Amino acid sequence: FDYASVGMIVVGLGGEAVEVNRAFAAMLGYHPEELVGRRMDTLAHPDDVPRATAETWRLLTGEIPAFEMEKRYLHRDGHVVWGFLSCSLTRDALGEPRHVIAQLQDISERKAAEIALRDSEARYRGLVESQRELVVRLDGEARFTFVNEAYASAFGRRPADLIGTSFVDLVHPGDHARVADMMRVMMQPPHRAYVEVRNMMASDVRWVGWEGGVVVDASGQIFEAQAVGRDVTERREAEEALR
């Protein structure tokens, strides 16, 4: 208990700490003796207290044998510590609840990474969705894994209806070979390609210039292609008229 690498607490039925190990106390910037007798909900983030209280009540009434949750605690200096909390119950010889045994693992770094990733994805999505250009992401079979609102609107569809369908199906049959060539070029360094093809949009057939690249994972493996399209119909028609 004293030398466990995770925080451990024995909690009385009134919510007060009966025993606190060194890891738990250090996690929040205290010495163990400073926390003995203190109500545990005074150490928790106020927003997480109602759920923890409800789960503890279910534990005490025998509705559940144990529970786990992610819970925020307040460090002595005021910053938030994210923990993964696991709680179970000990009973006396008559089967009555005696103590709640809690274990807490510090997951602050993981939560910070998750929040940073979520914020980054939100900024990326906001940027992409605000573009007038057509933005798509494709798997290895040229099926949509993402389309922005501009692309879906151009084809009179909803983004969700296009996910999993083929990019090629919305390209004029006479230009399918060009799309295949573009995909092959993107798979080779420097993983960039450009092609102009006719797209069968909701209103009519339009020429779109597609500039494509690839998305790689942490190990450098290609797992998606990404392309940005711009309507070049007027330019193509002007060039044809000049010819």
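The sections below set out a description of the structure shown in this document. Bear in mind that the values here come from a model prediction, so they are computed numbers and not experimental data. (Residues numbered from 1 in each chain as written. Predicted model: local features only at pLDDT ≥ 70, side-chain atom pairs only at ≥ 80, totals over all residues. Heavy atoms only, no water.)

## So, the pairing of strand β1 (residues 7-11)
Regular strands have side chains that alternate between both faces of the sheet. The element β1 is largely enclosed, with a buried count of 5 among its 5 residues. Neither face of β1 is exposed, since Gly7, Ile9 and Val11 on one face and Met8 and Val10 on the opposite face are all buried. With 5 bridges joining them, β1 and strand β5 (residues 97-106) adopt antiparallel strand pairing. Each residue of the ladder has a partner; that of Val10, found in β5, is Ile101. Taking the residues between adjacent antiparallel strands as the criterion, β1 and strand β2 (residues 17-20) are bridged by 5 residues, where Gly15 takes a positive phi near 90°. (Buried < 20%, exposed > 50% of the residue type's maximum accessible area, 1.4 Å probe, protein only. Helix = DSSP H or I, 4+ residues; strand = E, 2+ residues; numbered from the N terminus. Pairing = 2+ DSSP bridges.)

## Observations concerning helix α3 (residues 49-60)
In a regular helix each residue adds 1.5 Å, so 12 residues correspond to 16 Å; α3 covers 16 Å between its end C-alpha atoms and thus fits that length. Residues of α3 that are buried include every one of Val49, Ala52, Glu55 and Leu59, and no others. Around the axis of α3, the buried residues are gathered within 135° of arc, so they sit on the same side. Opposite the buried face of α3, at more than 90 degrees from it, the exposed residues are Pro50 and Trp57. (Expected span 1.5 Å × (residues − 1). Arc of directions from axis to C-beta.)

## Quick word on the packing of aromatic side chains
Scanning the entire structure with this criterion turns up 6 aromatic pairs. Judged by centre distance (6.0 Å) and plane angle (90°), the ring pair of Phe24 and Tyr73 falls under edge-to-face. Residue Phe24 is located in helix α1 (residues 22-27), and its partner Tyr73 is located in strand β3 (residues 66-74); the two are separated by 49 residues in the primary sequence. The class for Phe24 is buried, based on a relative accessible area of 0%. Where Phe144 meets Tyr151, the ring centres are 5.3 Å apart and the plane angle is 55°; that geometry is what we call tilted. On the basis of relative accessibility, which here comes to 0%, the residue Tyr151 falls in the buried class. Grouping aromatic residues by their ring pairs yields a cluster made of Phe144, Tyr151, Phe155, Phe167 and Trp210. Here Lys111 stacks its cationic end above the ring of Trp82, 4.5 Å away from the centre of that ring. (Phe/Tyr/Trp six-rings, centres within 6.5 Å; stacked < 30°, edge-to-face > 60°. Lys NZ or Arg CZ within 6 Å of the ring centre and 35° of its normal.)

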